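What follows is each chain in one-letter form.
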Amino acid sequence: MFKFFGRKRDEENWTEVYRTTDLWEAEVIRSALLNESIRASVRSIKGEERGTQQNIVSVPAAKMNEAQMVIDRTS
């Protein structure tokens, strides 16, 4: 019925474009990407060292080059 709601995130090919231990920094990158109309998501995983957390920013693979340019300008 509604294609938008029926689409799953995993059906698209998402690629990691940025990784950091700072959640705030990951959210700044995500906001910059969204400002350029590039869909982005942040997910957190446990780091290898005890008590650390890795924050991963991902975008659709088709937007990888555009996202990298935005990240270069933002960093």
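The structure this text deals with has already been given above.
Not measured: the values here are computed from a predicted model.

How would you explain the nonpolar core if you had to name every residue and give the values?
Within the largest apolar cluster, 13 residues are counted, with the highest numbers of intra-cluster contacts made by Val17, Leu33, Val57 and Val59. Residue contributions to this core peak at 4 residues, all from helix 2 (residues 23–35). Excluding its chain neighbours within four sequence positions, the residues that come into contact with leucine 33 are Ile38, Ala40, Val57, Val59, Ala67 and Val70.

How would you summarise the pattern of salt bridges if you had to cite specific residues and measurements?
For side chains of opposite charge, pairing can occur when their charged atoms come near one another. Enumeration according to the criterion identifies 4 salt bridges in this entry. Between glutamate 27 and arginine 30 there is a salt bridge, with its nearest N and O atoms 3.3 Å apart. Remark: arginine 30 and glutamate 27 occur in helix 2; sequence separation between them is 3 residues, near one turn of the helix. The salt bridge partner of glutamate 36 is arginine 73, with a shortest N-O separation of 3.7 Å. In this pair, glutamate 36 sits in the loop between helix 2 and strand 2 (41–46) while arginine 73 sits in helix 3 (residues 64–74), placing the two residues 37 residues apart along the sequence. Residue class for glutamate 36 comes out partly exposed when judged on its relative accessible area of 41%. The exposure class of arginine 73 is exposed, given its relative accessible area of 58%.

How each quantity is defined
Residues numbered from 1 in each chain as written. Predicted model: local features only at pLDDT ≥ 70, side-chain atom pairs only at ≥ 80, totals over all residues. Heavy atoms only, no water. Core = buried A, V, L, I, M, F, W, Y, C linked by side-chain atoms within 4.5 Å. Buried < 20%, exposed > 50% of the residue type's maximum accessible area, 1.4 Å probe, protein only. Helix = DSSP H or I, 4+ residues; strand = E, 2+ residues; numbered from the N terminus. Contact = heavy atoms within 4.5 Å. Salt bridge = Lys/Arg side-chain N within 4 Å of Asp/Glu carboxyl O.

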